[in-house]
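An overview of the molecular structure
Single-letter residue listing:
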Amino acid sequence: MPHTNTADQGRDVIDEYFNVVNWCLSDRGAPAQTPLGYTPTLLLFSIVDAISHSGQTTQGHGVQLDALNDGTSLNLGPEKLASLAKCFRHKLAHAAITAPGRFITDEAAGNPFEFSGDDVTLIRVIPFRDLVRELWSRKKGAFDTSAQLGALAASPAALGPTPSGAGTASGVASYPGTPMPTLGGAGTP
């Protein structure tokens, strides 16, 4: 059965993102393989962006990372949030790189981010994952980005054809009745 509303679909997509993040940060069954950092970092920023847009009543534009300050002790000002977006999120999403002199580490201890002034220099992806997972556990029940579809939500036909019988609100067929296998034994967030 396909999703019939975007809130349910969004929650399932974010849970799937966490499965991929956890798999990337696991040993993936091979002793010589180290955790992957770029993919989980990008997915974690995507989750934070979606949570930041949740509940907005108008169509949002641009990346929003302000949820990082919601119930956390980070207290990141606009300049630091902009640095995170510019140096990591945008570069990973659009050019498959990080900004020069910026690093991602799999260190398990420490703050998720290090800054020099307002300029981010390092992301510890495991503490970042833990922070976002805790944020998601608090926000999941109220998560709804349906307003972000704007005019498309009022007219799903504007999205174009969907798979036969799908008829989903977002025009994307997703079938939660066939669960995605948990990769690498990572479990559900």
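In what follows, the structure referred to is the one given above.
**A closer look at the pairing of strand E2 (residues 113–116)**
Relative to strand E3 (residues 119–124), E2 runs antiparallel, the two being bridged by four bridges. Paired with Phe 113 across the two strands is Ile 123, which belongs to E3. With antiparallel pairing between neighbouring strands as the criterion, E2 and E3 make up a hairpin whose turn holds two residues, including Gly 117 at a positive phi of roughly 70°.

**Considering the packing of aromatic side chains**
Here the distance between the centres and the angle between the planes together describe a pair of aromatic rings. If you walk through the whole model with that rule in mind, you get four aromatic pairs. Members of the aromatic cluster, joined through ring pairs, are Phe 45, Phe 113, Phe 115 and Phe 128. One Lys or Arg, Lys 80, reaches over the ring of Phe 115 and ends 4.9 Å from the middle of that ring.

**Examining the nonpolar core**
In globular proteins that are soluble, nonpolar side chains generally tend to be buried together. Judged by nonpolar contacts, the single largest core of 31 residues is most densely connected at Leu 44, Leu 65, Leu 68, Leu 84 and Phe 128. When contributions to this core are tallied by element, the ones reaching two or more residues are helix H1 (6–25), helix H2 (38–53), helix H3 (78–95), E3 and helix H4 (125–139). The element contributing the most residues to this core is H4, with seven residues. Contact partners of Leu 84, with chain neighbours within four places excluded, come to Phe 45, Leu 65, Leu 68, Leu 76, Arg 89, Phe 113, Phe 115, Val 120 and Ile 123.

**Side note on the environment of Thr 145**
Inspection of the secondary structure puts Thr 145 in the loop between H4 and helix H5 (151–154). On a C-alpha basis, the gap between Thr 145 and Gly 10 in space is 7.5 Å, while along the polypeptide they are 135 residues apart. When residues no more than four places from it in sequence are discounted, the contact partners of Thr 145 are Ala 50, His 53 and Ser 54.

**Looking at the sheet that holds strand E1 (residues 103–105)**
Read from one edge of the open sheet, three strands run E1-E3-E2, paired in mixed fashion. Here the strands that pair on one side only, and so sit at the sheet edges, are E1 and E2. For this sheet, the mean angle separating the axes of adjacent strands, direction not counted, is 20°. Together, E1, E2 and E3 form the strand contacts of H3, whose direction differs from that of E3 by roughly 60°.

Parameters at a glance
- Residues numbered from 1 in each chain as written.
- Predicted model: local features only at pLDDT ≥ 70, side-chain atom pairs only at ≥ 80, totals over all residues.
- Heavy atoms only, no water.
- Pairing = 2+ DSSP bridges.
- Helix = DSSP H or I, 4+ residues; strand = E, 2+ residues; numbered from the N terminus.
- Phe/Tyr/Trp six-rings, centres within 6.5 Å; stacked < 30°, edge-to-face > 60°.
- Lys NZ or Arg CZ within 6 Å of the ring centre and 35° of its normal.
- Core = buried A, V, L, I, M, F, W, Y, C linked by side-chain atoms within 4.5 Å.
- Buried < 20%, exposed > 50% of the residue type's maximum accessible area, 1.4 Å probe, protein only.
- Contact = heavy atoms within 4.5 Å.
- Axes fitted to C-alpha atoms, helices over the stretch in contact; angles between N-to-C directions.

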